[in-house]
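# Examination of the molecular architecture
This is what each chain is made of:
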Amino acid sequence: MNLLEGIRVADFTHAFAGPTGTVMLALMGAEVIKIESAAHSDVATREPQHARAMENVGIFHCTNINKLSIRLNLKRSEAGELAKRLVKICDVVVENFRSGVMDKLGLGYAALKEVKPDIIMLSLSSHGAVGPERNYRAYAAQMGPLSGLSHVTGYRDGPPAPIRSTADTLAGVTTVVPILAAINYRQRTGKGQFIDCSAVESLSMCMSDILMDYTMNKRVRHRDGNRDDFMAPHNCYPCKGKDKWVSIAISTEEEWRAFCGAIGNPEWTQDERFKDGPTRWENQEDLDRLVGEWTRSRTHYEVMGILQKAGVAAIPSFTNEEIVKDPHCKERGIFVEVNQPHVGKQIQMGLPWKLSTIRQVPIRPVPLLGEHNGYVFGELLGMTTEEIEKLEKENVIF
Amino acid sequence: MAEKALSGVKVLECCNLVTGPYSTKILADLGAETIKIEEPGIGDEARKRGPFLNDIPDPEGSGLFLFLNTNKLGITLNLKNPKGREIFASLVKETDLLIEDYMPKQATALGLDYEALSKLNPKLIMYSITPFGQTGPYRDYKTYCLNTLHSSGEGYLIPGGIEYLDRPPTKVGNLYADFSCGVIAAIGALAALYWTNNTGLGQYIDLSKQEASMFYQRWGMVRYANENLVISRATEGYWLGGIMPCKDGFVVFWCVQAYEWEKLKKLIGSPAWTEEEKFKEFGCAILHGEEANAYILEWLVNYTTEELYHMGQEAGVPFGAVRTAEDLVKSEQMKARRFFVPIEHPAVGTVQYPSTPYKLSETPWCVDRPAPLLGEYNEEVYCKRLGYSKEYLVRLRAAGII
């Protein structure tokens, strides 16, 4: 039995963040039914819309593997009743429309609770379902800055840095925490519940130390490159090749001595400027320059090999190409090949952990639009072929 | 006391710094009874990192530690000592989930071994968090947060923009990668708890922080394999919009859909350039983003961040404010959501803490106890739960075991 076997999810999410959470549920073995329609346009899409189409298609693929797809045109009132029938046989409903949209569709928590008293419903929106900004909208581009993370990311002399796609994926992954907590709670008590999730706050959580510095000391932190509060060296250093870097972080005296030994104890390592942690921190610009001189003539893989052997934390700034080809990632079996209809062979990533007793759910390709109409409407909901065909003609199953 | 989402779940934590402790904090705040084991006299390494109240270092006053360890019962126990490991075994018998984050070799040396422990408790879920997992050529490689970020390919993309290629990539926040791995760790634990309740079986989970961090870049990682595209800071810039300067700081706007572009043109007063062929249609305008941005900048500099944010949103154009920690604490939105909550702690008094991004209607988030002082719950755990006498505790302490 897989982790979430037996759990059925009605997935009303679209774009990037919401589907990232539900794909995680699907990869853990839940039956996730994606509600789609040719009538709704999605930012992440199966079809080329404009110049960024390839990106959007790629996002669609990685966030919708292992799901089932049905067509349901939510703009039609008949669709609401059908959606409720579906919810009645589901355990979890996830949606990321703008706040209020599900209510307007007659699919708000109160309505769904009536048809399925123990339903677990999660609403994800950029700002959350309550508060004066609940109707504001944000994509990943706005979420990073709004969360506070952009302000503390980037060069001291540069603008705040965008957080980009991770903003979406972090928000999506975060939704899985309360969903699973609620599933555990329901398992024990038989009670469902409503969960209101804010994407921006999911990101803010990841700078809690910086937030605590403000609430404790009224200190407003600013971006400052790779500078750490204590460690030095703590930076990315140039390596052989174009745009190649290695990250090195040294915390203890033991690590510092190991580092000096590994690079052959050059004279500068004995310098007064680097005699202890706080002094190294004070002189980190000089230190970074000297460390960089050593790394520059070596590949980032060589630097990792030399320093890790001595017990020093050094990891290349891997590119996506390097990761896919990396021997460690290969041995861990992180990437899986899947045969995607109309596209061909694709590589996708599964779950980030290995379980001793369960094999990972095999990766299944992204479903075609409405591929599981027959299974869901027919088999699960018990509708006849005539009923389904009628609704298809009326553009409800569309 | 109100029923919590994870009432009755028992967690044992042997972790340091951020990722492991954050994952168990998530569980503890959801109601799991979480015992945190720290090394006698030393404690969690997070106690040594700030922020400290008034910048005065105090192992009981680290803001990082206080945040990461709410609701936990902290005890001290020396796992290097054979007697310590014996006591540890008694605790393992009573637990549902053991989470540890030692390097593979250290874990083995400390007796954190699933085979042996599962004999004491067959339903045990044991969860190991390491930089690269338990197998593979990098299993013994060491990482700090900065290295984790780069091990996953995320680091290479920050900050996005072609203009930064001659400068090193930068970290995200302070400890971003460690926090984000903690969220994934909590998910694995929650799924395993559900599974164990269904099956009555235990299991071992091997979580690699590299893979956890990479999970947030699932799309980016496969783009090389699927599109033959190497992503970098150069490919992560914006075509149209992005973070741009304004009157008093920075603001961000980004149009994804055609109607948003139409609304933006209207918001800025439909100047003549927006009628030019290349800017008329959204699909075309995004190909001329740099030029469009230069025009839009002329308008942005007349307004403040907050003005643009609200004005834009009200006009249906997704503008965002670039916010600082202070802005967040003072934000009306976060106040309305009670994102920051006051928690009292003996060492630092009452301070506002970030709470949680999710609100569960039946099992609301709450803090029953602040982060523990070092060994604060020794008596509670050793005497009340394991039945040791206070006199015995004195001897254990004298022997450096607790």
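Residues numbered from 1 in each chain as written. Chains lettered and ligands numbered in written order. Predicted model: local features only at pLDDT ≥ 70, side-chain atom pairs only at ≥ 80, totals over all residues.

### Structural notes on the overall build of chain B
Spelled out, the test is: Going along the chain from the N terminus, every DSSP run of H or I of four or more residues is numbered as a helix, and every run of E of two or more is numbered as a strand. To sort residues by burial, count the other C-beta atoms lying within 10 Å of each one's C-beta; a count of 20 or more means buried, 12 or fewer means exposed, and anything in between means partly exposed. C-beta atoms are built from the backbone. Contact between two residues is assigned when their C-beta atoms, built from the backbone, lie within 7 Å.
Looking only at helices and strands, one finds 18 helices and 12 strands in chain B. A principal-axis box enclosing the C-alpha atoms of chain B has dimensions of 85 × 45 × 40 Å. For chain B, the proportion of its 402 residues judged to be buried stands at 58%. Taking the contacts inside chain B whose residues are at least 6 apart along the sequence as the reference set, 69% of them involve residues at least 24 apart.

### Focus: helix 1 (residues 17–27) of chain A
All names here are of chain A. Judged by how many residues are buried, helix 1 sits mostly within the fold: 11 of 11 residues are covered. Among all positions of helix 1, only Ala17, Gly18, Pro19, Thr20, Gly21, Thr22, Val23, Met24, Leu25, Ala26 and Leu27 are buried. Among the residues trailing helix 1, Gly29 stands out with phi positive, at a value near 105°.

### A word on the sheet that holds strand 1 (residues 8–11) of chain A
Here is the rule we go by: Note on pairing: DSSP must find at least two bridges between two strands before they are called paired. The angle between two axes is taken between their N-to-C directions and runs from 0 to 180 degrees, where each axis is a line fitted to C-alpha atoms and a helix contributes only its stretch in contact.
Strands sit in the order 3(A)-2(A)-1(A)-4(A)-5(A)-6(A)-12(B) across an open sheet of seven strands; the sheet is mixed. Sheet topology places strand 3 (68–71) of chain A together with strand 12 (358–360) of chain B at the edges, where each strand pairs with a single neighbour. If you compare each strand with its neighbour and ignore which way they point, the axes differ by 20° on average. For strand 1 of chain A and strand 2 (residues 31–36) of chain A, the ladder comprises four bridges, and the chain directions are parallel. Across the sheet, residue Arg8 of chain A finds its bridge partner in strand 2 of chain A, namely Glu31 of chain A. In this fold helix 16 (residues 373–380) of chain A packs onto strand 2 and strand 3 of chain A, with an angle of close to 75° to the strand it touches most, strand 3 of chain A.

### Description of the domain arrangement of chain B
What counts, and what does not: Marked domain ranges trace back to an automatic or database domain assignment.
For chain B, the assigned domains are domain 1 (10–218 + 372–398) and domain 2 (242–328). The C-alpha-based centres of domain 1 of chain B and domain 2 of chain B are spaced at 43 Å.

### Regarding the environment of Thr215 of chain A
The residue Thr215 of chain A is located in helix 9 (residues 208–217) in this model. Ignoring any residue separated from it by four or fewer positions in sequence, one finds Thr215 of chain A in contact with Val329, Phe340, Val351 and Gln352 of chain B.

### Topic: the domain arrangement of chain A
For chain A, the domain assignment lists domain 1 (8–206 + 334–393) and domain 2 (234–324). Centre-to-centre separation of domain 1 of chain A and domain 2 of chain A, based on C-alpha positions: 42 Å.

### A short note on the pairing of strand 2 of chain A
Residue and element names in this part refer to chain A. Buried residues dominate strand 2, accounting for six of its six residues. Of the two faces of strand 2, the one holding Glu31, Ile33 and Ile35 and the one holding Val32, Lys34 and Glu36 are both buried throughout. Both strand 2 and strand 3 contribute to a ladder of four bridges, which runs parallel. Considered in strand 3, the bridge of Glu36 is made with Arg71.

### Regarding the interface of chain B and chain A
Interfaces are often sized by the accessible area lost when the parts come together. Where we set the bar: For this classification, the nonpolar set comprises Ala, Val, Leu, Ile, Met, Phe, Trp, Tyr, Cys and Pro, the charged set comprises Asp, Glu, Lys and Arg, and every other residue, Gly included, is treated as polar.
Listed by partner, the interface residues are 129 residues for chain B and 123 residues for chain A. Of all the elements, helix 7 (residues 176–199) of chain B adds the most residues to the side of chain B that touches chain A, at 17 residues. Here the residues of the side of chain B that touches chain A sort into 73 nonpolar, 37 polar and 19 charged. Bridge analysis of strand 6 (residues 193–198) of chain A against strand 12 of chain B gives three bridges, and the strand direction is antiparallel. Across the sheet, the residue bridging to Ile195 of chain A is Leu360 of chain B, located in strand 12 of chain B.

### As for helix 12 (residues 284–295) of chain A
All names here are of chain A. Applicable threshold: Each residue after the first adds 1.5 Å to the expected span of a helix. Within this analysis, the arc is defined by the directions that extend from the helix axis to the C-beta atoms.
When the terminal C-alpha atoms of helix 12 are compared, their 16 Å separation across 12 residues agrees well with the 16 Å that a helix rising 1.5 Å per residue should span. When we look at burial in helix 12, the residues that qualify are Gln284, Leu287, Asp288, Val291 and Thr295. For helix 12, the angular spread of the buried residues around the axis is 100°, confining them to a single face. Across from the buried face of helix 12, at angles greater than 90 degrees, the exposed residues are Glu285 and Arg289.

### Looking at unusual backbone geometry
In this model, Ala232 of chain A is joined to Pro233 of chain A through a cis peptide bond whose omega is 0°. A cis geometry characterises the amide bond from Gly50 of chain B onward to Pro51 of chain B, with omega recorded as 0°. Looking at the secondary structure, you find Pro51 of chain B in the loop between strand 2 (33–38) and helix 2 (63–68). Phi at Asn66 of chain A takes a positive value of approximately 65°, unusual for a residue other than glycine. Looking at the element boundaries, Asn66 of chain A is found in the loop between helix 2 (53–64) and strand 3. Located in the positive-phi region is Asn54 of chain B, a residue other than glycine, with phi close to 55°. Here Asn54 of chain B is to be found in the loop between strand 2 and helix 2.

### Re the environment of Lys345 of chain A
Residue and element names in this part refer to chain A. Along the polypeptide, Lys345 turns up in strand 11 (residues 344–349). Taking the C-beta count within 10 Å as the criterion, Lys345 has 10 such neighbours and is therefore assigned exposed. For the pair Lys345 and Pro365, spaced 20 residues apart in sequence, the C-alpha separation works out to 9.8 Å. Not counting residues within four places of it along the chain, the set of residues in contact with Lys345 comprises Glu337 and Asn339.

### Examining the packing of helix 1 (residues 19–29) of chain B against helix 7 of chain B
Residue and element names in this part refer to chain B. Quick reminder of the rule: The cut-offs work like this: below 35 degrees is roughly parallel, past 145 is roughly antiparallel, 65 to 115 is roughly perpendicular, and the gaps in between are oblique. Should the near helix be turned anticlockwise from the far one by less than a right angle, the crossing is termed left-handed; should it be turned clockwise, right-handed.
It is at 7 Å that the axes of helix 1 and helix 7 come closest, and there the two elements cross at 50°. When the axis of helix 1 is compared with that of helix 7, the two are oblique. In the crossing of helix 1 with helix 7, the sense of the turn from one axis to the other is right-handed. In contact with Thr19, Gly20, Tyr22, Ser23, Ile26 and Leu27 of helix 1, helix 7 contributes Asp178, Phe179, Cys181, Gly182, Ala185, Ala186 and Ala189. Residue composition of the contact of helix 1 with helix 7, by class: eight nonpolar, four polar and one charged.

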